Amino acid sequence: MADGITRVAVPETAAKGEIIEIKALASHPMDNGFMFRDNGTRIPRWIIHRFEVDYNDELIFAADWHVAISANPYISFHTIATESGTINFRWFDDNGDIYTESAKITVV
Amino acid sequence: MLAAPLAPAATFAQGWAAERYQVEDRKSGYLYLGDQTQALQDDDFLNHAFFAVERGAELWSAVDGAAGVSCASCHGDAAESMRGVTARLPRYDSERDGIINLELLINRERERKLKAEPYAYESEDLLALTAFLAFQSRGIPSEVEIGGAAAPFFEKGREHYFPRRGQLDLSCTQCHDERDGMMLRGDRMSQGQTNGFPFYRLSWHSMGSTHRMFAWCNNAMRAEPYAPASEEYLNLELYVAWRGRGLPIEAPAVRR
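Residues numbered from 1 in each chain as written. Chains lettered and ligands numbered in written order. Predicted model: local features only at pLDDT ≥ 70, side-chain atom pairs only at ≥ 80, totals over all residues. Heavy atoms only, no water.

K.L.:
Explain the interface of chain A and chain B residue by residue, including any values.
P.N.:
Listed as interface residues are 15 residues of chain A and, on the opposing side, 12 residues of chain B. On the surface where chain A and chain B come into contact, there are two salt bridges. Inspection of the region where chain A meets chain B yields four residue pairs in polar contact (both at pLDDT 80 or more). Looking at the side of chain A that touches chain B, the elements that each hand over two or more residues are strand 1 (5–9) and strand 3 (19–27) of chain A. Across the side of chain A that touches chain B, the residue classes tally to 10 nonpolar, three polar and two charged. (Contact = heavy atoms within 4.5 Å. Salt bridge = Lys/Arg side-chain N within 4 Å of Asp/Glu carboxyl O. Polar contact = N/O pair within 3.5 Å; in protein donor to acceptor, adjacent residues only side chain to side chain. Helix = DSSP H or I, 4+ residues; strand = E, 2+ residues; numbered from the N terminus. Nonpolar A, V, L, I, M, F, W, Y, C, P; charged D, E, K, R; others polar.)

K.L.:
Just give me the short version of the packing of aromatic side chains, but keep the residues and values in it.
P.N.:
The description of an aromatic ring pair uses the distance of the two centres, along with the angle that the planes make with each other. Throughout the structure, instances matching the rule amount to 21 aromatic pairs over all chains. Aromatic side chains Phe61(A) and Phe77(A) sit 4.1 Å apart centroid to centroid with 10° between the ring planes, which places their arrangement in the stacked category. Placement of Phe61(A) in strand 5 (residues 58–64) and of Phe77(A) in strand 6 (residues 74–80) is noted, with a sequence separation of 16 residues between them. Residue class for Phe61(A) comes out partly exposed when judged on its relative accessible area of 22%. Where Phe199(B) meets Trp204(B), the ring centres are 5.8 Å apart and the plane angle is 85°; that geometry is what we call edge-to-face. Summarising the burial analysis for this pair, Phe199(B) and Trp204(B) share the class buried. An aromatic cluster is defined as three or more aromatic residues linked by ring pairs; in this entry it consists of Phe51(A), Phe61(A), Trp65(A), Phe77(A), Phe89(A) and Trp91(A). The ring of Phe45(B) has Arg7(A) sitting right over it, with the charged end atom 5.7 Å from the ring centre. Seen from the ring of Trp204(B), Arg212(B) lies directly overhead, with NZ or CZ sitting 3.8 Å from the centre. (Phe/Tyr/Trp six-rings, centres within 6.5 Å; stacked < 30°, edge-to-face > 60°. Buried < 20%, exposed > 50% of the residue type's maximum accessible area, 1.4 Å probe, protein only. Lys NZ or Arg CZ within 6 Å of the ring centre and 35° of its normal.)

K.L.:
Explain the sheet that holds strand 1 of chain A to me, and be specific about the residues and the numbers.
P.N.:
Residues and elements named next belong to chain A. Read across the open sheet, the three strands follow the order 1-3-6; overall the sheet is antiparallel. Edge positions in the open sheet fall to strand 1 and strand 6, since each of these has one partner strand only. This sheet shows a mean twist of 20° between the axes of neighbouring strands, independent of strand direction. (Pairing = 2+ DSSP bridges. Axes fitted to C-alpha atoms, helices over the stretch in contact; angles between N-to-C directions.)

K.L.:
Go over the environment of Ala149(B), please, and point to the residues and values.
P.N.:
The topology assignment puts Ala149(B) in the loop between helix 8 (124–135) and helix 9 (151–161). The spacing of Ala149(B) and Asp97(B) is 52 residues in sequence and 8.6 Å in space, taken between C-alpha atoms.

K.L.:
An account of the packing of helix 4 (residues 49–60) of chain B against helix 8 of chain B is needed here, citing residue identities and associated values.
P.N.:
Residue and element names in this part refer to chain B. Contact geometry of helix 4 with helix 8 gives a least axis separation of 7 Å together with a crossing angle of 95°. It follows from the interaxial angle that helix 4 and helix 8 lie roughly perpendicular. Contacts between helix 4 and helix 8 involve Phe 50, Ala 52, Val 53, Arg 55, Gly 56, Ala 57, Leu 59 and Trp 60 from the former and Asp 125, Ala 128, Leu 129, Ala 131, Phe 132, Leu 133 and Phe 135 from the latter. (Parallel < 35°, antiparallel > 145°, perpendicular 65-115°, else oblique.)

K.L.:
Run through the confidence of the model for chain B, naming residues and quoting values.
P.N.:
Close inspection of predicted coordinates is inappropriate in any region flagged by low pLDDT. Residues and elements named next belong to chain B. Mean pLDDT over chain B stands at 89; residues scoring 70 or higher make up 93%. Within chain B, no element has a lower average pLDDT than helix 1 (residues 9–12), which sits at 38, and none a higher one than helix 12 (residues 231–243), at 95. Ignoring residues within four places in sequence, the model shows residues 1–16, a span with pLDDT below 50, making 28 contacts including any to other chains. (pLDDT = per-residue confidence, 0-100.)

K.L.:
An account of the pattern of salt bridges is requested, with residue identities and associated values reported.
P.N.:
A complete count under the given rule lists 24 salt bridges over all chains for this structure. Its salt-bridge partner being Lys23(A), residue Asp43(B) comes within 3.6 Å of it at the nearest N-O pair. Taken together, the residues Asp43(B) in the loop between helix 3 (35–42) and helix 4 and Lys23(A) in strand 3 connect one chain to another. With a shortest N-O distance of 2.6 Å, Arg50(A) and Glu52(A) are connected by a salt bridge. Three or more residues joined by partner-sharing salt bridges are found here, namely Arg50(A), Glu52(A), Asp54(A), Asp64(A) and Arg90(A).

K.L.:
If you had to explain the domain arrangement of chain B to someone new, which residues and values would you point to?
P.N.:
All names here are of chain B. What the domain assignment reports for chain B is domain 1 (27–45 + 142–255) and domain 2 (49–135). If you look at the interface, domain 1 gives 26 residues, while domain 2 gives 24 residues. Of the roughly 2,100 Å² buried where domain 1 meets domain 2, counting both sides, 70% is carbon and sulfur surface. Of all residues in domain 1, the largest losses of buried area upon contact with domain 2 belong to Met 207, Leu 234 and Pro 252, amounting jointly to 23% of the total for that side. (Domains from an automatic or database assignment. Buried area = accessible area lost by both parts, 1.4 Å probe.)

K.L.:
Now, about the environment of Val108(A): what can you tell me, with residues and values included?
P.N.:
Residue and element names in this part refer to chain A. Inspection of the secondary structure assignment puts Val 108 in the segment after strand 8 (98–107). In the structure, Val 108 is positioned 95 residues away from Thr 13 in sequence and 7.2 Å away in space, judged by C-alpha atoms. What Val 108 contacts, discounting residues up to four positions off in sequence, is Ala 14, Ala 15 and Lys 16.

K.L.:
Report on the sheet that holds strand 4 (residues 48–55) of chain A, specifying residues and quantitative values.
P.N.:
Each strand in a sheet pairs with its neighbour through backbone hydrogen bonds, running either in the same direction (parallel) or in the opposite one (antiparallel). All names here are of chain A. Across the sheet, which stays open at both edges, the five strands sit in the order 2-8-7-4-5 with mixed pairing between neighbours. Every other strand in the sheet has two partners, leaving strand 2 (13–14) and strand 5 as the edge strands with one partner each. The sheet contact formed by strand 7 (residues 85–93) and strand 8 spans eight bridges and is antiparallel. Bridging from a neighbouring strand, Arg 90 pairs with Thr 100 of strand 8.

Spelled out as C-alpha cells, the structure:
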C-alpha cells in the first residue's frame, strides 16, 4: 500500500453562500495495534490520529481519529462557500508524518 | 450441507443495470455485494483501487531499466493502445507453449524492452500496473480465445474446476455454480467471475490478483494452493474467464 497518498474533491466553482460538499480520502493501513504477524510479533499501532481542514487559513473542520477507523479512511463534510481561495487538508499520523493536500475554489 | 438460500442476488442488489453486470445467467460479483460495497465501487473517487490505478499510471510512463525507456515510450497513451487488451486475456502464447496472462506479459516486456527486473507476482507495483491496464478495458465484454492451440489448456483448466479437492472435499463448481447467492458463514458466495480483477478486497485491505484469489479459495477449502503464475492457475484463469464470457470488464472492482 502506498502510504500517505491522499485525494480530495472540492467543487471548482460555487456561488457565494452555497453549501458545498468536500471529500477527502487517504491511503493508509490504519494498523490498530491489536493484530499479529504470522511469526507472532505484534504489528504496532500506526494510524492517522488527526485530520484538519483550513479554508483560507481558518480551521473549518477537524477530527480526532482513534483505532477502529478503517484502512484508507474517507471523510466527507459540508461547508459554506464564502470566498475564493484555497482549502488545505492535513492528515497527522502516529509516526509524526503530516500528509497535505490543497484545492482551489472560486466563489462567484 | 450449506446454509439455506436467502433472497436471490438480484433482489438485494439495487440500482444495477442488468446488461452491465449480467449476461444470460452469468452474473458479476457486483450483484452479490451489499449496497454500501457497490457504492464504493461505483464512485471512482471513493474506490480504494484507484490508488493502485494512479500508481499504475505513474509506472506506465516512468523510465525503468537499462534500456532507458518506459512502457509509454512504445505504447503511447494507454487509453488508446491498451483499450480492450485485458478483455482478451489470458490467451495462448506460442513462445511459452502455454497460457499467458496480463501479469506475465508485463514482466516479459519489462525484461525484453525495458531491460528491467520483472516484478514479483502480487507485488504492489505489478498490481498497480495491471489495475491501470485492466481499467483501460472497463466496459468491454470479456471474450477469450479457447479454440485452436489454446484448446488443450482450456480443457486442463476445465478439468481443474470440477474435481473435489482439499480436506473439505469441495470443488469450485459446488460453491460457484450450484450455490451462488447463498451464505457461506458471513459471506455471500458469488459465481466467482473474474471480470473485476485485479480488485480491491476489503478483507485484505489491499489489491489482489486472480491467482491470489484462487489460492485463497484453495486455502479456504483446506487444499494446498498452487503457486501464483503456475500452469494450473493460468489454465484455470482461462477457463474462468471463458465462464464469464460477455461480462463487461469492471476492473478495478471492490469486493468483500
